[in-house]
Amino acid sequence: MLSTLISEKTLSRGMLDVLIRAGLIAVLAVFCFRIFYPFGSLLVWSLILAITLYPLHLRLRRRLGNKNGLTATLIVVLSLIVIMVPAYLLGVALVESVEHAMDVAKEGNIRIPPPSESVASWPLIGGKVYAFWSQASTDLTGLIQKFTPQLKGVGAALLGVATSVGSGLLIFIFALIISGIFMAYGEEARNSAVKIASRLFGQETGPKITELCAATIRAVAQGVVGIAFIQMLLVGVAFVVKGVPGAGLLALAVLLLGIMQLPATLITIPVIIFVFAKDGFTVGAIVFAVYVFIAGLADNVLKPLLLGRGVDVPMPVVLIGALGGMVTGGVIGLFIGPVVLAVGYQLFWRWVDDQPHTVEVPVEPKPS
């Protein structure tokens, strides 16, 4: 009886110790998460950039005497120049355009040509478009006053987009600087990642999972930048051939929108409207509009072709992960989604293939 009471007391004391330790660990985890959370997106972006640029770091390091710090600093400085110079030119061009538009509006020199009679014969929308266009050509001030509430909403939305783009660019610049620190300690970071993955998934699977995550992030990053560059070329050539003012800066804006996973139609549709207003509905303007509109949607075709190349996972898994991650987590989800889905896919099939082997024991025949 006494031994039973002692064993029960020992068991209850042990359970109490376990609960206290678990509670303390939970409290510590919560506090660590709350401290880390404000910097979460910044550090995730830094990690993505470091993984993406690390192969370039390895190639340059051999030519710079295996100096990790110097190589990482050089890559960060060159990347900042590549980002800041186009962004500065685009910002200056936008400011000058806005100032010019404000000056023209103050002077009252805005003149919209009257519509052609053929516009009224368009199916479904011809009458409304003709009436709207006619009022804009004769009484633009009254039309603006009529739609003032809607214009205020559009202006507020555009201001919000510009603010988010500016803050995103600032976060990206800081993330690029921090990624240089990660690249400078690349070997130590890789070994730490392998140790963590081995602890979570086992000694055999851990290194493979680490390489899969890195390869997936690089494939998505290269696919995103590559698609944005191809789309910039498709749209930019049409802008230059058509003689659109500021064609180079507009093409650069298409590149930046593609990298940020924003639709290129934010640029192409206003340009199409401008060309129609300037040249009318000629054959050349219609061909230009159709081509530019299709080129602005080219990323929907290129993503299934380029995303996921070089990854030991089927392309649909990477594509679904990228699209799903983009919907649920924004631009960061574009990279995290494919990684999570690819790791889950690999672990699932390892579990399927790792089936227990049954050993058949021969049964001796009974003597007759």
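A.B. asks: What should I look at first to understand the nonpolar core in this one?
C.D. replies: Across soluble globular proteins, nonpolar side chains show a tendency to be buried alongside one another. One finds M183, L212, V220, V313, L334 and F335 to be the most contacted residues of the largest nonpolar core, which totals 34 residues. Those elements giving two or more residues to this core turn out to be α2 (40–63), α3 (68–107), α6 (148–184), α8 (205–242) and α13 (315–353). Take this core: its biggest share by element is nine residues, from α13. F335 has contacts with W45, I48, I217, V220 and A221, leaving out every residue within four places of it along the chain. Of all hydrophobic cores here, the second largest spans 19 residues; its members include A238, V244, F288 and V292.

A.B. asks: What should I look at first to understand the pattern of salt bridges in this one?
C.D. replies: Any two side chains of opposite charge can pair if their charged atoms end up close together. Per the counting criterion, the structure on display carries one salt bridge. Residue R190 is joined to E211 by a salt bridge in which the shortest nitrogen-to-oxygen separation is 2.7 Å. One end of the pair, R190, is in helix α7 (residues 186–201); the other, E211, is in helix α8, and 21 residues separate them in sequence. On the accessibility criterion, R190 (41% relative accessible area) is partly exposed. For E211, a relative accessible area of 38% puts it in the partly exposed group.

A.B. asks: What exactly am I supposed to notice about the packing of α7 against α8 here?
C.D. replies: Packed helices, taken two at a time, are described by their axes: the angle between them and the distance between them. Viewed as axis vectors pointing N to C, α7 and α8 meet at an angle of 125°, and their least axial separation amounts to 7 Å. By the angle class used here, α7 and α8 are oblique. Seen from above, α7 lies across α8 with right-handed handedness. Residues R190, A193, V194, A197, S198 and F201 of α7 form the contact with α8, whose participating residues are T205, G206, P207, I209, T210 and E211. When grouped by side-chain class, the residues that make up the contact of α7 with α8 number six nonpolar, four polar and two charged.

A.B. asks: Looking at this model, I keep getting lost on the side chain of Q231. Mind explaining?
C.D. replies: By the element assignment, Q231 lies in helix α8. Under the relative-accessibility criterion, Q231 is labelled buried at 3%. For Q231, the residues in contact, after removing those within four places along its chain, are V254, A264, A295, G296, L297, A298 and D299.

A.B. asks: What is the right way to look at the packing of aromatic side chains in this model?
C.D. replies: Scanning the entire structure with this criterion turns up five aromatic pairs. Measuring from centroid to centroid gives 6.0 Å for W45 and F172, while their planes differ by 75°, and the two rings are edge-to-face. Within this pair, whereas W45 is found in helix α2, its partner F172 is found in helix α6, the two being separated by 127 residues in sequence. Since its relative accessible area comes to 14%, W45 is described here as buried. Note on Y345 and W349: the rings are 6.4 Å apart at their centroids and 65° apart in plane angle, and the pair reads as edge-to-face. Within this pair, Y345 and its partner W349 are both found in helix α13, separated by four residues, close to a single helical turn. Pairwise contacts between aromatic rings join Y345, F348 and W349 into one cluster.

A.B. asks: What should I look at first to understand the packing of α8 against helix α11 (residues 283–296) in this one?
C.D. replies: Two elements in contact, α8 and α11, have axes whose closest approach is 9 Å; the angle formed by their N-to-C orientations is 165°. The angle between α8 and α11 falls in the class roughly antiparallel. Considering how the two elements wind past one another, α8 and α11 form a crossing that is left-handed. Each of Q231, L234, V235, A238, F239 and K242 in α8 lies in contact with α11, whose residues at this interface are G284, A285, F288, Y291, V292, A295 and G296. Across the contact of α8 with α11, the residue classes tally to nine nonpolar, three polar and one charged.

So, how was this worked out
- Residues numbered from 1 in each chain as written.
- Predicted model: local features only at pLDDT ≥ 70, side-chain atom pairs only at ≥ 80, totals over all residues.
- Heavy atoms only, no water.
- Core = buried A, V, L, I, M, F, W, Y, C linked by side-chain atoms within 4.5 Å.
- Buried < 20%, exposed > 50% of the residue type's maximum accessible area, 1.4 Å probe, protein only.
- Helix = DSSP H or I, 4+ residues; strand = E, 2+ residues; numbered from the N terminus.
- Contact = heavy atoms within 4.5 Å.
- Salt bridge = Lys/Arg side-chain N within 4 Å of Asp/Glu carboxyl O.
- Axes fitted to C-alpha atoms, helices over the stretch in contact; angles between N-to-C directions.
- Parallel < 35°, antiparallel > 145°, perpendicular 65-115°, else oblique.
- Left-handed = near helix turned anticlockwise from the far one by under 90°.
- Nonpolar A, V, L, I, M, F, W, Y, C, P; charged D, E, K, R; others polar.
- Phe/Tyr/Trp six-rings, centres within 6.5 Å; stacked < 30°, edge-to-face > 60°.

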